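Close look at the chain arrangement
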Amino acid sequence: MKKITLLNLFLAGLLSVFLSCESEKLEVKDAQTYSKVFLRKAMEIPYNHTYTIKDEWYPIEFGAGYGGVKLNAENIFITIEERMELVEKYNEVNGTSYAAMNPDSYRIADNQVIIPSGRNGSNSVKLEINPFYFSSLKPHLLPLSITSVVPEIPVEEDLRTIYVLINGKYEENPFEKLSQELWTLLDVSSDENDGPNTGGRGHHAFDGDLETFWHSQWRRDEDGNRPGHPHYISIDMGQVESLHGIEVFGRTNRVGDNGNPKDVIIEVSENGEDWQLIEQYTLENTASNILYFPEIVNVRYFKMTVLASHEDVYRTHVSEIEAF
């Protein structure tokens, strides 16, 4: 009890000293040197959005901010402009390959914002994006930077630029399927002869019949072996085509079951010997999967390599492969 009483007396005395003193204003020497402006959304790297690819303008709003020891005494006018030369540098630093947004795919109604005196935030830039005008399905990057500040106030360099990244997606496939009339089998890792009803051979993957299918070898050889992954099939389209992607159909009687392709790699070639990687995809265990290419390619040959099948079985089977 004695210790508590002494402590209470000490705290009471200390409080009386504080109350008897006049409060002093905190003064910071050269306070203006601590004031900076910045883009608020620049803290999100990149500032990511996904939109459906159609002829529609999607609005994106962002503004500027002010920070410092003292509030700004007058209005601050900030100009924001595109800096497309920063796309290459961004890709180098981050190990990405984003496409630069072409001028037809974005518009800015007013690129100047104002931070009113006594406030720490501005009005919003009115940016609009239309992915219909993108050069490809690859994600597109638009760097926007603070280029001038009036009155002259330092810019926080790490937050000078906002990197707007737009991913486009299709709700429905807008491309027409290519004819398979000239297609022939270039190569296949293995196949089976399952008879006239279901096929099993490599060419049954593009015969226009969903009831037949290509099946990797499932019968054991004379040594008791049968091949596991990877399984592949290469197709000669007979002429150069402009490819936007392919659609892969699983077996009609095995939808949601084992054996349908899960992880695949798509490659293309101009001569059937030298192959260019398009993308690696993960397929759903559904009736079909549409695989859009990041960019349009003009080629004669394409190859699908199945790295893994659903439910981790050794085999794979494909009812049909269509290109568009």
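Further up the page is the structure itself.
All values reported here derive from a predicted model rather than from experimental measurement. (Residues numbered from 1 in each chain as written. Predicted model: local features only at pLDDT ≥ 70, side-chain atom pairs only at ≥ 80, totals over all residues. Heavy atoms only, no water.)

Here we take up the sheet that holds strand 13 (residues 213-215). Pairing is mixed across the open sheet formed by three strands, whose spatial order is 12-13-18. In the strand order of this sheet, the two ends are held by strand 12 (199-200) and strand 18 (317-318), each with one partner. Here two bridges tie strand 13 to strand 18, and the two strands are oriented antiparallel to one another. Residue His 215 lies in a different strand from strand 18, and its bridge partner there is His 317. (Pairing = 2+ DSSP bridges. Helix = DSSP H or I, 4+ residues; strand = E, 2+ residues; numbered from the N terminus.)

Of all hydrophobic cores here, the largest spans 32 residues; its most connected members are Val 37, Ile 78, Ile 80, Leu 127, Ile 129 and Val 164. Sorting the residues of this core by element identifies strand 1 (36-39), strand 2 (47-52), strand 3 (58-67), strand 4 (76-82), strand 7 (112-115), strand 8 (121-129), strand 9 (140-150) and strand 10 (161-169) as the ones contributing at least two each. In terms of residues, this core owes the most to one element, strand 3, which gives five residues. Among the nonpolar cores identified, the runner-up in size contains 27 residues, and Ala 205, Ile 246, Leu 283 and Ala 323 belong to it. (Core = buried A, V, L, I, M, F, W, Y, C linked by side-chain atoms within 4.5 Å. Buried < 20%, exposed > 50% of the residue type's maximum accessible area, 1.4 Å probe, protein only.)

All right, on to helix 2 (residues 86-94) then. Residues Leu 86, Val 87, Tyr 90 and Asn 91 constitute the buried set of helix 2. Buried residues along helix 2 cover an arc of 140° about the axis, so they all sit on one side. Opposite the packed face of helix 2, turned more than 90 degrees from it, sit the exposed residues Glu 88, Lys 89, Glu 92 and Val 93. Packed against the buried residues of helix 2 are strand 5 (99-100), strand 9 and strand 10. (Arc of directions from axis to C-beta. Contact = heavy atoms within 4.5 Å.)

Fair warning: the whole summary comes from geometry, so function is off the table for now.
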